[in-house]
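Chain by chain, the residues run as shown.
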Amino acid sequence: MSRNIRKGWHLANEDGALILARRWPARFDLAVETLLPKVRHKARLAHHVRQDLWRALQGLRGFTPCIRVEESADATRLIAGGQLDAGGARNAALARIEALLEDPDRRARWTRWS
């Protein structure tokens, strides 16, 4: 596994998957998965999704976003979520992450810029 830290974000390659996290080791207490079309730049995709995820959940106390991006033969598998240190609002947070990942405008923007 290779890992570097840039502007406070850990960017790691682990078994062919790219992981973007503020804290290391990355923890996915909340996680929602989606499939996207293949992208050229996994790190760009991770950063774009992380920014939107943070905007959607910035009011959730104790939340730290994490993104995992993996390439398969015909798609990009993305797991968005992160670490949740405070309790409560878990189901609402998962619903917001799922809504974010399924938003067609955001999905088009992420794939276009990645």
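Rules used in this analysis
Residues numbered from 1 in each chain as written. Predicted model: local features only at pLDDT ≥ 70, side-chain atom pairs only at ≥ 80, totals over all residues. Heavy atoms only, no water. Helix = DSSP H or I, 4+ residues; strand = E, 2+ residues; numbered from the N terminus. Buried < 20%, exposed > 50% of the residue type's maximum accessible area, 1.4 Å probe, protein only. Pairing = 2+ DSSP bridges. pLDDT = per-residue confidence, 0-100. Salt bridge = Lys/Arg side-chain N within 4 Å of Asp/Glu carboxyl O.

With that out of the way, let us pick up the environment of His47. Checked against the element boundaries, His47 lands in helix α1 (residues 42-57). Once the C-alpha coordinates of His47 and Ile67 are considered, the two residues, 20 residues apart in sequence, prove to be 8.2 Å apart.

Another point: the pairing of strand β4 (residues 30-36). Burial of β4 is one-sided: the residues Leu30, Val32, Thr34 and Leu36 facing one way are buried, the residues Ala31, Glu33 and Leu35 facing the other way are not. Relative to strand β6 (residues 76-84), β4 runs antiparallel, the two sharing seven bridges. The residue of β6 that forms the bridge with Thr34 is Leu78.

A separate point is the confidence of the model for the protein chain. Mean pLDDT for the protein chain: 87, with 93% of residues reaching 70 or above. Ranking the elements of the protein chain by mean pLDDT puts strand β1 (residues 2-6) last, at 61, and β4 first, at 94.

What follows concerns the pattern of salt bridges. Applying the stated criterion across every chain yields a total of eleven salt bridges. Of the charged contacts, one joins Asp85 and Arg27 as a salt bridge, the two residues approaching to 3.3 Å between their closest N and O atoms. Here Asp85 is found in the loop between β6 and α2 (90-102), whereas its partner Arg27 is found in the loop between β3 (17-21) and β4, with 58 residues between them in sequence. Residue class for Asp85 comes out partly exposed when judged on its relative accessible area of 47%. Looking at Arg27, the relative accessible area reads 36%, which means it is partly exposed. Members of the salt-bridge network, linked through shared partners, are Glu14, Glu33, Arg68, Glu70 and Arg77.

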